[in-house]
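# Fold and contact review
Residues per chain are reported as follows:
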Amino acid sequence: MTQPPNPPSDPTDSEAVSVVLVAAGRGQRLRESLVKRGFVGQVGRKAFVSILGQPLIAWTLKALAAVPTVDNLVVVLHADDMADEALKEQLKSWGATHFTEGGRRRQDSVLNGLRATPDDGRLVGVHDAARPLIHPDDVTAVFAGAREHGASVLSQRATSTVKQSKDGWVSQTLPREMIFLAQTPQVARREVLINALMQDFEVTDEAMALEQLGAAVRIVEAQHPNPKVTTAQDKDLVEFLLRKQKELEVTYRIGEGSDIHRLVEGRKLVLGGVEVPYEYGPLGHSDGDVVLHSLVDALLGAAGLGDIGELFPDTDPQHKDAASSVFVAEAMKRVRGLGLEVINADITILAERPKLSPWKSAIRESVATLLGLSDVQAVNIKAKTNEGLDAIGRKEALAARASVLLQKSS
Ligand code: MG
């Protein structure tokens, strides 16, 4: 049966697309290969098997949700999982927008998922929850392929010579340049995919259902690895690649800051938010906390956000005698707003007096708390004298220097 190719989508269509994520399968082969390897724990549904400490589907959802045009992400769940509200909340936190129940065969599940997407003529991509490495650029490319040609399948070109076999013997060598391995997403307009699957051919993927109708399906070559977790070996490979991908996407930013305040009588000495008993304290508009001022400058420096004077002018009456923890909180808000997080901070306090060793651990904990770090090891406080030299040595001033490392994670 031959039919004309699908009409290309109207180019004036909204760019917004839906993705149906199939996560209802049991993953029998993965289960068997894990058990064979000696795994004794409970092996749940494949989409929820742990990959680097997170469910497989969490990686997949986050990757798809990172594509700006994907505004509708339907997860097809097993009936048992549909009743689990906590699970659905978690899936939403990773980017899922809607849920529907799976059917007996994969194609039944996909059909249910398609029916749960908006009926507005948009393109829909069907993706396998077991392909967590899907790259946003490949998602964009396969949707672009369908927008131009009507339907598309993300595919990998065969690199090995391909043999066809019969009863364990090579029956023929297939022309490798013609061989592509179908991956997902597979994309077409919603009603086209629904129509194809409703024909109820026995198919192993959505492109095959379209082919059965004689529809043209465009091959879009994947530019990034996109393996499917089927066996324990695939799980190893995916974990290796995810680790590598994550490292590649982490960037580091270093910042340094310093601060000095004159010491005068009748002012409280506050260091890192901790009040230290002493007969002198820093002269300043705010509380004059040199530890936190140097820390704020280091944070702003690493984030490329200028300096403490620009952010909190000392002409601003609301900062008069302010606790400097307010400045750290505001700087952290801006740092986090850029997607940056603190890895560690190293701070040196320069003071001839008082003796600071009894206060270092309290200052450390205070700074770690202000930075939102659960690990106090990520903060280090050093205290030194200036060997009697200069204003610090003469106890006329005290100073601090801070270094901070920030990372931007994907
Ligand atoms: Mg200062």
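Check the entry above for the structure.
So, here's what we can say about the structure.

### Comments concerning unusual backbone geometry
A cis geometry characterises the amide bond from Thr184 onward to Pro185, with omega recorded as 5°. Residue position: Pro185 is located in strand β10 (residues 180-189). Cis geometry is adopted by the peptide bond preceding Pro354, which originates at Arg353 and carries an omega value of -10°. One non-glycine residue, Asp167, adopts positive backbone phi at about 55°. Structurally, Asp167 can be placed in the loop between β8 (162-166) and β9 (169-174). One non-glycine residue, Asp200, adopts positive backbone phi at about 65°. Note on placement: Asp200 falls in the loop between α7 (190-198) and α8 (206-212). For Asp200, a relative accessible area of 46% puts it in the partly exposed group.

### Overview of the pattern of salt bridges
This structure, assessed with the given rule, holds 25 salt bridges. One salt bridge in this structure joins Arg106 and Glu206, with 3.2 Å as the shortest N-O distance. Of this pair, Arg106 sits in helix α5 (residues 106-115) while Glu206 sits in helix α8, and the two are 100 residues apart along the sequence. Looking at Glu206, the relative accessible area reads 2%, which means it is buried. Between Asp321 and Lys320 there is a salt bridge, with its nearest N and O atoms 3.6 Å apart. The partly exposed category is assigned to Asp321, whose relative accessible area is 43%. What emerges from the salt-bridge pattern is a single network uniting Arg105, Asp108, Asp200 and Glu202.

### What about the packing of helix α10 (residues 290-303) against helix α12 (residues 325-337)?
Relative orientation of the contacting elements α10 and α12 amounts to 10°, with a least axis distance of 9 Å. It follows that α10 is roughly parallel to α12 by the angle criterion. Across the interface between the two elements, Leu292, His293, Leu295, Val296, Leu299, Leu300 and Ala303 of α10 pack against Ser325, Phe327, Val328, Ala331, Met332 and Val335 of α12. Taken together, the residues that form the contact of α10 with α12 break down as 11 nonpolar, two polar and no charged.

### Section: the coordination of the magnesium ion
Coordination sphere of the magnesium ion, protein contribution only: Asp259 (OD), Asp259 (OD), His261 (NE2) and His293 (ND1), at 2.2 to 2.7 Å. Site description for the magnesium ion: donor spacing in sequence, D-x1-H-x31-H. In this pair, Asp259 is assigned in strand β12 (residues 251-265) and His293 in helix α10, connecting sequence segments 34 residues apart. Take Asp259 and His293: they sit in the same class, and that class is buried.

### Quick look at the sheet that holds strand β1 (residues 17-22)
Taken in spatial order, the seven strands make up an open sheet running β5-β4-β1-β6-β10-β7-β11, and their pairing is mixed. Whereas interior strands pair on both sides, the edge strands pair on one side only; in this sheet they are β5 (98-101) and β11 (218-221). Between one strand axis and the next, the sheet turns by 30° as a mean value, whatever way the strands run. The sheet contact formed by strand β7 (residues 151-157) and β10 spans six bridges and is antiparallel. Across the sheet, the residue bridging to Val153 is Gln186, located in β10. Most of the contacts of helix α2 (residues 56-65) go to strand β4 (residues 70-77), to which it runs at about 160°, and overall it touches β1, β4 and β6 (123-128). Where α5 meets the sheet, it contacts β1, β4, β5, β6 and β10, and its direction lies at approximately 145° from that of β1.

### Section: the pairing of β1
Burial within β1 is extensive, with six of its six residues counted as buried. Across the two faces of β1 the burial is the same, with Val17, Val19 and Leu21 and Ser18, Val20 and Val22 all buried. As paired elements, β1 and β4 share six bridges and run parallel to each other. What sits directly across from Val22, in β4, is Val76.

### So, the packing of aromatic side chains
Applying the stated rule across the entire model yields two aromatic pairs. Each ring, one from Phe312 and one from Phe327, has its centre 4.5 Å from the other, and the planes form 25°; the classification is stacked. In this pair, Phe312 is assigned in the loop between α11 (308-311) and α12 and Phe327 in helix α12, connecting sequence segments 15 residues apart. Classification of Phe312 as buried rests on a relative accessible area of 11%. For Lys62, the ring lying beneath its charged end belongs to Trp59, and the centroid distance is 5.2 Å.

Analysis parameters
- Residues numbered from 1 in each chain as written.
- Predicted model: local features only at pLDDT ≥ 70, side-chain atom pairs only at ≥ 80, totals over all residues.
- Heavy atoms only, no water.
- Helix = DSSP H or I, 4+ residues; strand = E, 2+ residues; numbered from the N terminus.
- Buried < 20%, exposed > 50% of the residue type's maximum accessible area, 1.4 Å probe, protein only.
- Salt bridge = Lys/Arg side-chain N within 4 Å of Asp/Glu carboxyl O.
- Axes fitted to C-alpha atoms, helices over the stretch in contact; angles between N-to-C directions.
- Parallel < 35°, antiparallel > 145°, perpendicular 65-115°, else oblique.
- Contact = heavy atoms within 4.5 Å.
- Nonpolar A, V, L, I, M, F, W, Y, C, P; charged D, E, K, R; others polar.
- Donors = N, O, S within 2.8 Å, 3.2 Å for Na, K, Ca; no water.
- Pairing = 2+ DSSP bridges.
- Phe/Tyr/Trp six-rings, centres within 6.5 Å; stacked < 30°, edge-to-face > 60°.
- Lys NZ or Arg CZ within 6 Å of the ring centre and 35° of its normal.

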